[in-house]
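# Structural overview for review
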Amino acid sequence: MFLSLYLMGTAVGGLLSGFILDSWGRRLSAQVSTAIVFVGWVLMSIASSHHLLFVGRVMGGLGRGVSLLAACVSYRYALILLNFLSAKRHCYCLLLHHRFSVCSPQVSFGRNGGSQTTGRVVCLSTSILLNRHHGCVSAGDPRGLANSGGLAAGISIVNVVVYSFLHESPVWLVRKNRINEASEVYNWLWRSTRPTQAERDLQEVVNRTNEENNSIPNSSSKWNCKRYLRPEFLKPFLIIHIFNLIQVVCGSNLFIFYTVDILSGLKTDGSLDVNLTTNLTSIVRVVFMAVSCVMLVYVGRRPMSISSGLGSGIVAVVLGILAHVQTVPAWVMIMCVLFYVAFNTYGYFVLPAIMVGEILPSKIRCILGGYIYTMNDMAMFGATKIFPSVHTVIGTAGLFWVFGVFSLFCALFLYLLLPETKGRSLVQIERYFLMPNILWLTRNKMKT
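Residues numbered from 1 in each chain as written. Predicted model: local features only at pLDDT ≥ 70, side-chain atom pairs only at ≥ 80, totals over all residues. Heavy atoms only, no water.

Take the overall build of the protein next. Along the protein, the regular secondary structure elements total 19 helices and 0 strands. Per-residue burial over the protein gives 55% buried out of 448 residues. When the accessible area of the protein is evaluated, it comes to approximately 19100 Å², of which 68% is carbon and sulfur surface. (Helix = DSSP H or I, 4+ residues; strand = E, 2+ residues; numbered from the N terminus. Buried < 20%, exposed > 50% of the residue type's maximum accessible area, 1.4 Å probe, protein only. Areas by Shrake-Rupley, 256 points an atom, 1.4 Å probe, with all protein chains shown as cover.)

Structure below.
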């Protein structure tokens, strides 16, 4: 019930996020959504009844639904932060970006954009680890939830303050015809290191925006549905939408939500320490989230996603066999579980959110990005409701076989369709989808 209310809130927040981000901009949207999360945590920490507790939980999900898209929708514009700014400004921007799990809008780009955005999920994984540890420590404490809610509320209000130090997205400013403000942002990013690069970047965004506005009659209307049916919009939308939906049955989040239930079914003789294994999975998740930050700088998105799918799929199938046999040592089970979490984390857990910001054309990213997150949360809501019944019917072995088969299917899907976005600008990626090919392998390499 508690988890379902949260997912319902995130679904509604995701549905509204596209319109809010288009109207208010990224920074203000992030501030407002984080303020909603703050109110939700306060209500849960002072709740004297279940009704107030549930209202706070829904508000937390609502704020998270909006802030998640704000964090990912156009995160790619500040490659300069790592490559050309002074060390002091570099650390300052990374501090703002990595400070808390929700604090990552509009402050990464290009070669290092993915690794910076992943910092948000590193913090999320760390919070899961701390959450599990706090649950063990405060078990039986009637003030445990109040203490947790107060701490989370404090972090949320700091997030609101931190957002005031971030700049608005220059892409959004250009689309709102606020060219001078967009120019100021680019000049701030480049400073005096490359005085002509800021103007070049700004002109590229302006030219691309003009091309989009001239390509569709009456395109200034955000309610014009014709734009969503164009191949260059429809192809990336379907790729990232299907990628996100498949993750629901690959086990990326279900394993987090139901870790104890799943691990309890691996060894029926009681030789497997569930609490120890649960904490180990959280530690491995944090470590490989940090590893993914490095991989995103040096490894392409395709190799990361495909290897993640193949690795987690094969290990999940093996785990299903071991769970069915029930005669292997407990340490073998634990090692396989940790390998599954490791493979799943660095690719499937990271890339779906990142690819929303990299693949979806900026013209439709807010609206369709919000729709994708809404449908993903609705699918996750349904999965969490039916999970106990499915787990009872097919058992832990069958559950891992489902995870494995869908992970392998997703790897094949990405191998065929997912374009490589590493080292390419948003304009280059959008122009790739103007080509007539559907499969990445049949692209015109001279034009990409």
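Anyway, onward from the coordinates.
This next bit is on the packing of aromatic side chains. In this structure the tally under the stated criterion is 11 aromatic pairs. Ring plane angle 40 degrees and centroid distance 5.8 Å describe the contact between F237 and Y371, whose orientation is recorded as tilted. Pair noted here: F237 is in helix α11 (residues 231-250) and Y371 is in helix α18 (residues 365-417), with a separation of 134 residues, a long-range link. (Phe/Tyr/Trp six-rings, centres within 6.5 Å; stacked < 30°, edge-to-face > 60°.)

A positive phi angle is found at N177, which is not glycine, with a value near 65 degrees. Note on placement: N177 falls in the loop between α8 (170-175) and α9 (179-190).

Turning our eyes to something else, we now look at the nonpolar core. In terms of nonpolar packing, the biggest core is built from 37 residues, with I240, F243, Y348, M355, L360, C410 and L414 touching the most fellow members. Those elements that provide at least two residues to this core are α11, α14 (274-298), α16 (330-349), α17 (351-359), α18 and α19 (426-432). The element that contributes the greatest number of residues to this core is α18, accounting for 8 residues. (Core = buried A, V, L, I, M, F, W, Y, C linked by side-chain atoms within 4.5 Å.)

Where nonpolar side chains cluster on the molecular surface, the patch consists of V249, I386, V390, V393, I394, V402, V405, F406 and F409 and spans about 740 Å² of accessible area. With respect to the helices and strands, I394 occurs in helix α18. A relative accessible area of 35% means that I394 is categorised as partly exposed. (Patch = residues over 30% accessible without salt bridge, like charges linked within 9 Å, V, L, I, M, F, W, Y side chains within 5 Å. Salt bridge = Lys/Arg side-chain N within 4 Å of Asp/Glu carboxyl O.)

This model, assessed by the stated rule, comprises 2 salt bridges. R178 is paired through a salt bridge with E181; the nearest N and O atoms lie 2.9 Å apart. Overall, the relative accessible area of 35% leaves E181 in the partly exposed class. When the shortest N-O distance is used, the salt bridge between R301 and E358 registers 2.8 Å. Here R301, found in helix α15 (residues 301-325), pairs with E358, found in helix α17; they are 57 residues apart in sequence, far enough to count as distant.

One can describe the packing of α17 onto α18 by two numbers: an axis separation of 10 Å at closest approach and a directional angle of 160 degrees. Taken together, the axes of α17 and α18 are roughly antiparallel relative to one another. Taken as a pair, α17 and α18 cross one another with a handedness that is right-handed. Contacts between α17 and α18 pair A353, V356 and G357 from the former with R365, G369 and Y373 from the latter. Of the residues that constitute the contact of α17 with α18, the class distribution is 3 nonpolar, 2 polar and 1 charged. (Axes fitted to C-alpha atoms, helices over the stretch in contact; angles between N-to-C directions. Parallel < 35°, antiparallel > 145°, perpendicular 65-115°, else oblique. Left-handed = near helix turned anticlockwise from the far one by under 90°. Contact = heavy atoms within 4.5 Å. Nonpolar A, V, L, I, M, F, W, Y, C, P; charged D, E, K, R; others polar.)

A covalent bond between the sulfur atoms of two cysteines is referred to as a disulfide. Across all of its chains, the model carries 0 disulfides by this definition. Lacking any disulfide linkage, C410 is separated from the closest cysteine sulfur, that of C250, by 4.9 Å. By relative accessible area, which is 0% here, C410 ends up buried. (Disulfide = S-S within 2.5 Å.)

Mean pLDDT over the protein: 76, with 76% of residues reaching 70 or higher. Low pLDDT, under 50, characterises residues 73-119; the stretch is placed with 141 contacts to residues that sit more than four places away or in other chains. (pLDDT = per-residue confidence, 0-100.)

Another aspect to go through is the side chain of H391. Tracing the chain through its elements places H391 in helix α18. Separated by 2.9 Å, the side chains of H391 and T396 make a polar contact. Setting aside anything within four residues of it in sequence, one finds H391 in contact with D261, I262, T396 and L399. (Polar contact = N/O pair within 3.5 Å; in protein donor to acceptor, adjacent residues only side chain to side chain.)

A word on the environment of V317. Mapped onto the secondary structure, V317 falls in helix α15. Take V317: its relative accessible area is 25%, and that puts it in the partly exposed class. In sequence terms V317 and V402 are 85 residues apart; their C-alpha atoms lie 8.2 Å from each other. For V317, the contacting residues outside a window of four places in its chain are F400, W401 and G404.

With respect to the element layout, L412 can be found in helix α18. When its relative accessible area of 47% is taken as the criterion, L412 is described as partly exposed. It is 8.8 Å that separates the C-alpha atoms of L412 and L310, two residues lying 102 residues apart in sequence.

Relative to the helices and strands, F413 resides in helix α18. Its relative accessible area of 11% is what places F413 among the buried residues. For the pair F413 and I306, spaced 107 residues apart in sequence, the C-alpha to C-alpha distance is 9.0 Å. Once you skip the residues sitting within four places of it in the chain, F413 turns out to touch I239, I242, F243 and L418.

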